[in-house]
Amino acid sequence: QVQLVESGGGLVQAGGSLRLSCAASIRTFSDYDMGWFRQAPGKEREFVIAISWRGSTYYSGSVEGRFTISRDNAKNTVYLQMNSLKPEDTAVYYCAGRHNNGGDPRSLKEYDYWGQGTQVTVSS
């Protein structure tokens, strides 16, 4: 059974940084595209950033230049480094995974597995 476990969320002041981690219990992790999505109160879950099994990266326009994604296949872990955080980045952040099979890594519906989410709060 695939499990994704996020960690690293918390409270930070605007302009600060956080790094989220997502540990995956996937035997063939290196074959998986991994993404981060977020959901703010009263809003739909939205795409943030993704990294393909080959290492290609995809960014939402709202985070490009501030957030980066990386993966360590030896540790079955994907990371989200968030810099220059803004109050509008406040949300629950979810890690998601899917076996590479084409399709759009930015699309929420493409993902089969989801973590429980971790809260990120940015104060002004």
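Scroll up a little and you will see the structure.
Residues numbered from 1 in each chain as written. Predicted model: local features only at pLDDT ≥ 70, side-chain atom pairs only at ≥ 80, totals over all residues. Heavy atoms only, no water.

Caption draft 1: Broad picture of the overall build of the protein chain. When its secondary structure is counted, the protein chain shows zero helices and eleven strands. For the protein chain, the α and β elements follow one another from N to C terminus as β-β-β-β-β-β-β-β-β-β-β. A compact globule built from 124 residues would reach a C-alpha radius of gyration of about 14 Å, and the protein chain, at 13 Å, matches this within 12%. Taken over 124 residues, the protein chain has a buried fraction of 43%. For the protein chain, long-range pairs separated by at least 24 residues make up 57% of all intrachain contacts whose partners lie at least 6 apart in sequence. (Helix = DSSP H or I, 4+ residues; strand = E, 2+ residues; numbered from the N terminus. Rg over C-alpha atoms; globule rule 2.2 N^0.38 Å. Buried < 20%, exposed > 50% of the residue type's maximum accessible area, 1.4 Å probe, protein only. Contact = heavy atoms within 4.5 Å.)

Caption draft 2: Representation of the layout of surface pockets. Of the volumes computed, that of the largest pocket is approximately 180 Å³. In this structure, the largest pocket is lined by 13 residues; those nearest its centre are Arg38, Ala40, Lys43, Glu46 and Glu88. Broken down by class, the residue content of the lining of the largest pocket amounts to two nonpolar, three polar and eight charged. (1 Å grid on protein atoms, 1.4 Å probe; cavity = no way out; pocket = protein on both sides within 12 Å on 5 of 7 lines; lining within 4 Å. Points joined across faces, edges and corners; volume = space filled by probe spheres on them. Nonpolar A, V, L, I, M, F, W, Y, C, P; charged D, E, K, R; others polar.)

Caption draft 3: Representation of the side chain of serine 60. Position of serine 60 relative to the elements: it lies in the loop between β6 (57-59) and β7 (67-72). Polar side-chain contacts of serine 60 include one of 3.0 Å to the side chain of serine 62. If sequence neighbours within four positions are ignored, serine 60 has contacts with Phe47 and Val48. (Polar contact = N/O pair within 3.5 Å; in protein donor to acceptor, adjacent residues only side chain to side chain.)

Caption draft 4: Fine view of the environment of proline 41. Here proline 41 is to be found in the loop between β4 (32-39) and β5 (46-51). In the structure, proline 41 is positioned 51 residues away from valine 92 in sequence and 8.6 Å away in space, judged by C-alpha atoms.

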